[in-house]
Structure formats: C-alpha cells, structure tokens
Amino acid sequence: MKPEAEDAMGGAGYYEGFIRERYREESRDRAVRIGTLAALPSIPIVFFFTWIDLGGYLQQVPFTITAVRLYCIACALLLFAGSVLFPEMKRLNFRLFYLFTTSFLFVLSVRVGFFAGTPHYERVIYGTSLAVFIAFVMLPGGLVSLLPAYGVATALMIISLAAAGNLGSHWTTLVNPVTLMAACSVISQLQENDRFRGFAASLTVENQSALIKADSDKLEAINRRLMLDMVLARQIQYTLIPVKAPPVPGVRIAGMYLPVDAIGGDYYDYITFDDGDRLGIFICDVSGHGIPAALITCMVKTVVSSAGAEKESPSEFLRFINARLVDQVSGNFLTVFYGIYDGKKR
C-alpha cells in the first residue's frame, strides 16, 4: 500500500474514532441527565415497596431479601449527589447511572429464587421483565452496555433459584425474561447503529458548515482589506491627476477623471513652459484595467516628470517615453496623445 493511501486511511480512522468518542460522551451525558431526574422519584417508590415487604401482605419475606431493595435507594442517592455536586466528573457519574439503572434488575433477579413456588412468583417474573425493558430504554451503547447487565441478571436469577432449591422446577420460567433480554439486546444495537449514523451525519454537516463559515469569514476579511487597499490606491492615483489646468491666456481648459474600476490605466497631465503662452496636454490610456494598469500610469507619470527639453517636441517627447517604457510594461501597451497649445499662434 502506498504511503499516501496509508495516511488517508489513518486520517479517516482517526476522524471516525473522534466521532465515536464524541457520540459516546454526548450519549452518556444525556443518559446521566435523564437518570438524575428519575433518581429522586424512584426513592419513595422503593420505600413504598419496602414498607409493603415489612408490614404488608408479604410479612413472610426475610429481612435480607427486603433489605436488598436498599441497594436501589443507595444507587439513586449516589447518582443524584454525584450529578449535583460533581457534574464535571462525567465518567464517575455515568458509572453511578449504570448502577442505578441496573439496580432494579439486579434486585428483582435476586428475589426470583425466594418467590419461586409462591403466589407472587409470576409478579416477580413480570417485574424482572419490566426491569429488563427499563434497562433497554435507558442504557446507551447497545450491546456494550446491555450484555454485561443482562448477563449478571441472568446469573443472579439462576444462582438465587439454585440457592432456594428451585432451579430444577422453575428454570423454564426464566425463558420469558431471558428471551426479552436477547430481543432487547439486538434491537438496542440496531438502534445504536442508526443513532450513530445520524449523529455522524449531523456532525459532518456541522463541521462542514463551520469550515464554510470560517472560510467565508476569512474571505470577507480579505475582501475588506482589499477594498481598503483599493480606496487607498484610488486616492493615491487621484493625486497623479492635476486638479485644474494651469492658466493660459485666451482659453479655458477643464478635465475630468472617471475610471471604470476603482483604479484604472487612464492618465492625463498638463505640461507648462517658461514662456507662459504654451501648454502641453498629455493623455495616456494603458491597456487593461485595475491594479496593473494603474501601476503603469505611475511609471508614466514618473517618466513624464523626468523629461526635459524633449517636451518641446511632441515627437521627441513620445520617443523619450517609449524608450524608457518599452521593456517595462510587461506585455501591456500605451496609447498616448501629446499636443502643445500655443496661445500666440491660435
């Protein structure tokens, strides 16, 4: 494989890993927020069922089986405290959320063995199945999150049935919750894949939009700088153009300079003589527009200003200008008019 292809594959793998990590973080943060909201109301509910175990129609329940419900309360309190007091400890809070979400499933799994053979066994199996579904709804991550929880719950149900001596006669009743676990695991993974694809697509669009906006901001800043430079260049070019014509007896002369672009290749000037009766009129048009043409007009201005006696003769003056600019205009050319107005000979 070529190094370029390896670099491209490495970059793609890094980007996919970045997306997965960000998706995992956002999924966990959302799950912790939901779990924190569910933690508080779950505490009085668990206390209610504990009270029923202790003083209601299930007085025959051993205290150890009843006290195991306190595990749910402890997990709920820890999750709420961690989310409120240490919100920056995201990994710890997600672990507390995981313990809280699976606590009902684990507690009910432990109680399966004790209630086997009693009138309340079906109710416990139903509650265990409900806890399986709750874990499916609340836990993000697909199989990665559900398989450990469902595996532990299945093991607890089998161990509790064996400890109570009811495994041989009641193991078939575990088919319903175990089948539900398998179905929830498959569906959860399919949903996880679909959610990740949607998240990756939205993140890609978000990144592209951010890049487009960043490029747009850069282009806008460059355009602003260019506009300022063009305004400054126009002001400088306007200083090359005479504001008004020198006074010449018997005639009035006016000129106006309006380039097509902000700056251009048009240029005119007045050339005075010592006798005061003559006035040279110089008009120049550089091929093209914009900055290149404007730079050449600056060169023309310099050459015109440096001329001496050549100004007395239009032909000599044009030869003078041509000799100095012919190799300096980078493929451009100049169209020039130069004439001398003589007030005495008009």
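Everything in this summary refers to the structure shown in the same document. From a predicted model like this one, the values you see are computed outputs, not experimental measurements.

What about the pattern of salt bridges?
Okay, so step 1: One pass over the structure, following the stated rule, counts 11 salt bridges.
Okay, so step 2: The salt bridge partner of E192 is R195, with a shortest N-O separation of 3.3 Å. With E192 and R195 both in helix α8 (residues 175-240) and 3 residues apart, this pair spans about one turn of that helix.
Okay, so step 3: For E192, a relative accessible area of 10% gives the class buried.
Okay, so step 4: Note that R278 is salt-bridged to E312, the shortest N-O span being 2.8 Å. Pair noted here: R278 is in strand β2 (residues 278-286) and E312 is in the loop between α9 (290-306) and α10 (314-325), with a separation of 34 residues, a long-range link.
Okay, so step 5: Here the salt bridges do not stand alone but share partners, grouping E21, R24 and R91 into one network.

Let's talk about the environment of A38
Okay, so step 1: Along the chain, the position of A38 falls in helix α1 (residues 3-55).
Okay, so step 2: For A38 and F100, which are 62 residues apart along the polypeptide, the C-alpha to C-alpha distance reads 9.7 Å.

What to know about the packing of α9 against α10
Okay, so step 1: Axis separation between α9 and α10 bottoms out at 10 Å; the angle between their running directions is 130 degrees. Compared by their axis directions, α9 and α10 come out oblique. As for how α9 packs across α10, the hand of that crossing is right-handed. Taking contact as the criterion, the partners of M299, V300, V303, V304 and S306 in α9 are, on α10, F317, F320, I321, R324 and L325.
Okay, so step 2: Looking at side-chain class alone, the contact of α9 with α10 contains 8 nonpolar, 1 polar and 1 charged residues.

Points about a nonpolar patch on the surface
Okay, so step 1: Residues V84, L85, F86, M89 and L92 make up a contiguous nonpolar surface patch of about 450 Å² in total accessible area.
Okay, so step 2: Secondary-structure assignment places L85 in helix α3 (residues 70-85).

A look at the nonpolar core
A general trend in soluble globular proteins is that nonpolar side chains are found buried together.
Okay, so step 1: Counting residues in each nonpolar core, the largest one holds 39 residues, and the members touching the most others are L79, F97, L105, V112, Y121, Y150 and L174.
Okay, so step 2: At the level of elements, α1, α3, α4 (90-115), α5 (121-138), α6 (143-163) and α8 are the ones that each hand at least two residues to this core.
Okay, so step 3: For this core, the element with the most residues is α4, which contributes 11 residues.
Okay, so step 4: Apart from residues no more than four positions distant in its own chain, L105 is found in contact with T128, A131, V132, A149, Y150 and A153.
Okay, so step 5: Formed by 26 residues, the second largest nonpolar core is a distinct cluster that contains F282, C284, V303 and F320.

A look at the environment of D269
Okay, so step 1: Here D269 is to be found in strand β1 (residues 266-272).
Okay, so step 2: Ignoring anything within four residues of it in the chain, the contact list for D269 reads P242, G280, I281, F282 and K301.
Okay, so step 3: A polar atom in the side chain of D269 sits 2.8 Å from the side chain of Y267.

Concerning the sheet that holds strand β3 (residues 334-342)
Okay, so step 1: What the 3 strands build is an open sheet, ordered β1-β2-β3; its pairing is antiparallel. Bordering the open sheet on either side are β1 and β3, each of which pairs with just one other strand. Ignoring which end each strand starts from, the neighbouring axes of this sheet average 15 degrees apart.
Okay, so step 2: By the bridge criterion, 9 bridges tie β2 to β3 in an arrangement that is antiparallel. The residue of β3 that forms the bridge with R278 is D342.
Okay, so step 3: Sheet strands touched by α10: β1, β2 and β3. Its angle to β3, the strand with the most contacts, is close to 150 degrees.

Some remarks on α3
Okay, so step 1: Along its 16 residues, α3 runs 22 Å from first to last C-alpha, staying within 8% of the 22 Å computed at 1.5 Å per residue.
Okay, so step 2: Turning to α3, its buried residues are C72, I73, C75, A76, L79, G82 and S83.

Details of the side chain of K311
Okay, so step 1: Within the secondary structure, K311 sits in the loop between α9 and α10.
Okay, so step 2: Dropping the residues within four chain positions of it, K311 is found in contact with I271, F273, V304, S305, F317, Y338 and I340.

Structural notes on the packing of aromatic side chains
Okay, so step 1: Within this structure, the stated rule accounts for 10 aromatic pairs.
Okay, so step 2: On the basis of an interplanar angle of 35 degrees and a centroid distance of 5.9 Å, the ring pair of F94 and F97 is categorised as tilted. With F94 and F97 both in helix α4 and 3 residues apart, the pair spans about one turn of that helix.
Okay, so step 3: On the numbers, 4.6 Å between centres and 65 degrees between planes, the contact of F317 with Y338 is edge-to-face. A residue pair is termed long-range when its members are at least 10 positions apart, and F317 in helix α10 and Y338 in strand β3 qualify at 21 residues.
Okay, so step 4: Ring-pair connections join several aromatic residues into one group, and the members of that group are Y267, F282, F317 and Y338.
Okay, so step 5: For R20, the ring lying beneath its charged end belongs to F196, and the centroid distance is 4.1 Å.
Okay, so step 6: In this structure, R278 packs its charged tip against the face of F273, placed 4.4 Å from the ring centre.

What counts and how
- Residues numbered from 1 in each chain as written.
- Predicted model: local features only at pLDDT ≥ 70, side-chain atom pairs only at ≥ 80, totals over all residues.
- Heavy atoms only, no water.
- Salt bridge = Lys/Arg side-chain N within 4 Å of Asp/Glu carboxyl O.
- Helix = DSSP H or I, 4+ residues; strand = E, 2+ residues; numbered from the N terminus.
- Buried < 20%, exposed > 50% of the residue type's maximum accessible area, 1.4 Å probe, protein only.
- Axes fitted to C-alpha atoms, helices over the stretch in contact; angles between N-to-C directions.
- Parallel < 35°, antiparallel > 145°, perpendicular 65-115°, else oblique.
- Left-handed = near helix turned anticlockwise from the far one by under 90°.
- Contact = heavy atoms within 4.5 Å.
- Nonpolar A, V, L, I, M, F, W, Y, C, P; charged D, E, K, R; others polar.
- Patch = residues over 30% accessible without salt bridge, like charges linked within 9 Å, V, L, I, M, F, W, Y side chains within 5 Å.
- Areas by Shrake-Rupley, 256 points an atom, 1.4 Å probe, with all protein chains shown as cover.
- Core = buried A, V, L, I, M, F, W, Y, C linked by side-chain atoms within 4.5 Å.
- Polar contact = N/O pair within 3.5 Å; in protein donor to acceptor, adjacent residues only side chain to side chain.
- Pairing = 2+ DSSP bridges.
- Expected span 1.5 Å × (residues − 1).
- Phe/Tyr/Trp six-rings, centres within 6.5 Å; stacked < 30°, edge-to-face > 60°.
- Lys NZ or Arg CZ within 6 Å of the ring centre and 35° of its normal.

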